[in-house]
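Chain by chain, the residues:
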Amino acid sequence: MLSIDALYLIFFTTGFTVGFGHCIGMCGPLVVSFSLNLKGKNIFISHAFYNAGRILTYAVLGGLMGVAGSFTAVSAKIVGLQQGALIATGVLIVVMGLAMNEWLPFGKYFRRENHTGGIFVRGFNKLSAIKSTYAYFPIGLLLGLLPCGPVYTALIAAAGTGIGSPNALYGFLSGAGLMVAFGLGTVPALILVAKLAGLGWLTSRRLIYRIGSVLMILAGVVYIVRGIRS
Amino acid sequence: MLPENHIPGAYAGENQINCRIHDGPCSRSLSGLEVTLDISPKPVKAMQDLVFKVSLAGEGPDQAPYIDLGMPGMKMGPNRVILEKISRTVYEGKGVIVRCPSGRRTWQATVTVPGKGKADFIFDVIY
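Participant: Mind laying out the interface of chain B and chain A, listing which residues take part and the relevant values?
Facilitator: Across the boundary between the two partners, chain B contributes 14 residues, which contact 19 residues of chain A. Class assignment of the residues belonging to the side of chain B that touches chain A gives a composition of eight nonpolar, three polar and three charged.

Written out as structure tokens, the structure reads:
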């Protein structure tokens, strides 16, 4: 039986290696969308907030797994939340893609300065204008729920740490710690992708934003379809 | 004699599947040892508790075998099923095959028999 310290190291390393493979493939479109939406401003800080939110969600999930000592018992209860997170992520990316080039449908209506609008319009406007650094923390909290194979694998290990724990608190902390180690391991790859997509190194950005918008909308639709089908 | 649902590696399809685990146990030869893997309950579904049973025919190892679960060509992180000795030649352990949101359903169970080597069982699971 491996010690908890060894497990933390193993899952930090796992996070690092899957970060440069699996995470870039699965979460890359999302991270690129954020960077394009920020248009070169505060990329590092915004992504740091996003990753902090994501890792906090991992930690809570890992803690719950550690307390329960069972992966399947907890995962069965959060499957609906994960499906919702996937669909919400898709909507977010589509809206960002539309807004980036001012392709919002009914643009005049949405941009009317004095309209009082309903919840839908206000929500749409807020989603399409996510430039605040701090806004990326709650986004990270939500997107930490996204279903992902390596995250599930880490959560199985987090549940394993809870088996035979002397008490619930120890189970929670050991499961949460393992997920924090895993989440931290994934950060370098995602920050690297975020910086590369930050476009600070490009001289002609207009065309890139246009292409980026189309790709974001397509990626968002894929997330929505996956969410509906999962 | 190999079980009916065993697909020899040489004839495995493009997706490398060499075991129809839903139909019954699968066997592979390994250094003069026949390694048989069975997973229950059936059909084998992702995201549920599964029992993995490994039976060995031939001279058994000193240490218990173990199983690493993963997807061919995709890193999913370490997911090891620890097996316990049930009888002289049979080992059993619990594990979970997770769901890959990409929709890919082909999984690989690599049975490591200490001192003998590894046997790969590649099969589809139900999501």
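Participant: Before we move on, could you go through the environment of lysine 85 of chain B and cite the residues and values that matter?
Facilitator: All names here are of chain B. Within the secondary structure layout, lysine 85 lies in strand 6 (residues 84-85). Judged by the 13 C-beta atoms lying within 10 Å of it, lysine 85 is partly exposed. Ignoring any residue separated from it by four or fewer positions in sequence, one finds lysine 85 in contact with Ala64 and Tyr91.

Participant: A description of the sheet that holds strand 2 (residues 33-40) of chain B should follow, citing residues and the corresponding values.
Facilitator: The strand order 1-2-3-7-6 (chain B) describes an open sheet built from five strands, whose pairing is antiparallel. On the outer flanks of this sheet lie strand 1 (26-30) and strand 6 of chain B, each paired with one strand and no other.

Participant: So what's going on with the sheet that holds strand 9 (residues 117-124) of chain B? Residues and values would help.
Facilitator: Residue and element names in this part refer to chain B. The strand order across the open sheet built from four strands is 5-4-8-9, with neighbouring strands paired in antiparallel fashion. What marks the edges here is a single partner per strand, and that holds for strand 5 (80-82) and strand 9. Between one strand axis and the next, the sheet turns by 20 degrees as a mean value, whatever way the strands run. Looking at chain direction, strand 8 (residues 106-113) and strand 9 are connected through eight bridges and run antiparallel.

Participant: Give me helix 6 (residues 136-143) of chain A: which residues, what numbers.
Facilitator: Since one α-helical turn is 3.6 residues long, residues separated by three or four positions face the same way. Residues and elements named next belong to chain A. Taken together, the buried positions of helix 6 are occupied by Tyr136, Ile139, Gly140 and Leu143. All buried residues of helix 6 project into a common sector of 100 degrees when viewed along the axis, lining one side. If you follow the buried residues of helix 6, they end up packed against helix 1 (4-38), helix 2 (43-68) and helix 3 (71-100).

Participant: Which residues make up the pairing of strand 2 of chain B, and what are the values?
Facilitator: All names here are of chain B. Taken across its eight residues, strand 2 has six buried, putting it largely inside the fold. One ladder, built from five bridges, connects strand 1 with strand 2; its direction is antiparallel. Of the residues in strand 2, the one forming a bridge with arginine 28 is valine 35. As consecutive antiparallel partners, strand 1 and strand 2 are separated by two residues, and within that stretch serine 31 has a phi angle of approximately 45 degrees, a positive value. Where strand 2 and strand 3 (residues 49-57) come together, seven bridges link them in antiparallel fashion. The partner of leucine 37 across the bridge, within strand 3, is valine 54.

Criteria and thresholds
- Residues numbered from 1 in each chain as written.
- Chains lettered and ligands numbered in written order.
- Predicted model: local features only at pLDDT ≥ 70, side-chain atom pairs only at ≥ 80, totals over all residues.
- Contact = placed C-beta atoms within 7 Å.
- Nonpolar A, V, L, I, M, F, W, Y, C, P; charged D, E, K, R; others polar.
- Helix = DSSP H or I, 4+ residues; strand = E, 2+ residues; numbered from the N terminus.
- Buried ≥ 20, exposed ≤ 12 C-beta atoms within 10 Å, placed from the backbone.
- Pairing = 2+ DSSP bridges.
- Axes fitted to C-alpha atoms, helices over the stretch in contact; angles between N-to-C directions.
- Arc of directions from axis to C-beta.

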